[in-house]
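Letter by letter, the chains look like this.
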Amino acid sequence: MIATEPLIPQLTAPIVLAPGLGGYNRVAACGHVLRNYFPGVPELLEAAGNRVVVARVSPTDGVARRAADLKRYIDAHVPAGPFHLVGHSMGGLDARYMTARLGMAGRVLSVTTVGTPHRGSTFADWGVGRFARLVLPLLKWLGIPHQAFLDLTTDGCRRFNEEVPDAPGVRYYSVAGDCDRSLLGPEWLLPFSVVLKAEGPNDGVVSVASAAWGEHSEVWSGDHLNLVNWPNRYARRRGWPGIAPDYGRIVRRLAQAGF
């Protein structure tokens, strides 16, 4: 008998997917979509009858600005009623800030974070410590916001957690990533090693310990971008099926919680 994935339930409220650093929902040119931030994930959840909205926020600004962008996007596309938030990486911090600090707790039913550095990333510390003096003035001169890189440090996230408590009545869940070193591309090896030495198992940039938040946390196998279903060419050689079906588990958990 061939094993099949359990059915994905239909939630009564929409699901808003919040992107991480980069802030886009899709990149298109000449009428063609070049890259979706969550490839295949909205389609899978929508096939089960769920309404899914993929938000767009500032690419590299700080959490406070991105959270305000997220609120504006939701107000425009889900103007009334409750909804669920699923945020990847920095998008999880945006979701937490928007819920607790921007008057949205009354509408947010749940916040599920995926690969979010709730306690910061030591690789952000490493990068800011070595390149801030050179790179940040250049970004400022070019008019490119850079607060995101500071907000993702361990000190930045420590202050964030002090200032942004979880909103009462909102359910919080999380997903962490843990990637086998043999499945990492060369672009991940340096950050993986930095985080591994300081924090332990990680997805190439965010540790399992930093990503854990809320009443339930689970660990998926994959690098930081595999967590939003970007392909892994090394895992594919071993028959990697993609991670979009794992988002079905998020929806099933919400349904089991009574949503």
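Refer to the structure above for everything that follows.
In this text the structure is predicted, and so the values were computed from the model without any measurement. (Residues numbered from 1 in each chain as written. Predicted model: local features only at pLDDT ≥ 70, side-chain atom pairs only at ≥ 80, totals over all residues. Heavy atoms only, no water.)

Asks: Where do I start with helix H6 (residues 154–163) in this structure?
Replies: Side chains three or four residues apart in an α-helix point the same way, a direct result of the helix having 3.6 residues per turn. Those residues of H6 not exposed but buried are Gly156, Cys157 and Phe160. Mapping the buried residues of H6 onto a view down its axis gives an arc of 90 degrees, with all of them on the same face. Packed against the buried residues of H6 are helix H2 (63–77), helix H3 (90–101) and helix H5 (147–151). (Buried < 20%, exposed > 50% of the residue type's maximum accessible area, 1.4 Å probe, protein only. Helix = DSSP H or I, 4+ residues; strand = E, 2+ residues; numbered from the N terminus. Arc of directions from axis to C-beta. Contact = heavy atoms within 4.5 Å.)

Asks: Just to check I follow, could you spell out the side chain of Asp61 for this structure?
Replies: Looking at the secondary structure, you find Asp61 in the loop between strand S4 (52–54) and H2. Separated by 3.0 Å, the side chains of Asp61 and Arg65 make a polar contact. (Polar contact = N/O pair within 3.5 Å; in protein donor to acceptor, adjacent residues only side chain to side chain.)

Asks: How should the packing of aromatic side chains be read in this particular structure?
Replies: Under the criterion given, the structure shown has four aromatic pairs. Here the aromatic rings of Phe123 and Trp126 are separated by 5.4 Å at their centres, their planes lie at 15 degrees, and the arrangement is stacked. Taken as a pair, Phe123 and Trp126 lie in helix H4 (residues 122–142) at a separation of three residues, close to a single helical turn. Residue classification places Phe123 among the partly exposed residues on the basis of a relative accessible area of 22%. (Phe/Tyr/Trp six-rings, centres within 6.5 Å; stacked < 30°, edge-to-face > 60°.)

Asks: It is not clear to me how the environment of Val128 should be interpreted in this structure. Could you clarify?
Replies: Among the secondary structure elements, Val128 is positioned in helix H4. The class for Val128 is partly exposed, based on a relative accessible area of 25%. Residues Val128 and Phe149, spaced 21 residues apart in sequence, show a C-alpha to C-alpha distance of 7.3 Å. Those residues in contact with Val128 that sit more than four places away from it in its chain are Phe149, Leu150 and Thr153.

Asks: Help me understand H2, please; the structure alone is not making it clear to me.
Replies: Relative to the 21 Å expected for 15 residues at 1.5 Å per residue, H2 spans 21 Å between its end C-alpha atoms, a close match to the ideal helical length. Residues of H2 that are buried sit in contact with strand S1 (15–18), S4, strand S5 (83–88), H3, H5 and H6. (Expected span 1.5 Å × (residues − 1).)

Asks: Please clarify how the environment of Thr122 should be interpreted in this entry.
Replies: With respect to the helices and strands, Thr122 occurs in helix H4. Exposure remark for Thr122: the relative accessible area of 16% places this residue in the buried category. Apart from residues lying up to four places away in sequence, Thr122 is in contact with Thr154, Val194, Val195, Ala198 and Glu199. There is a polar contact of 2.8 Å between the side chain of Thr122 and the side chain of Glu199.

Geometric values such as these leave the question of function open.
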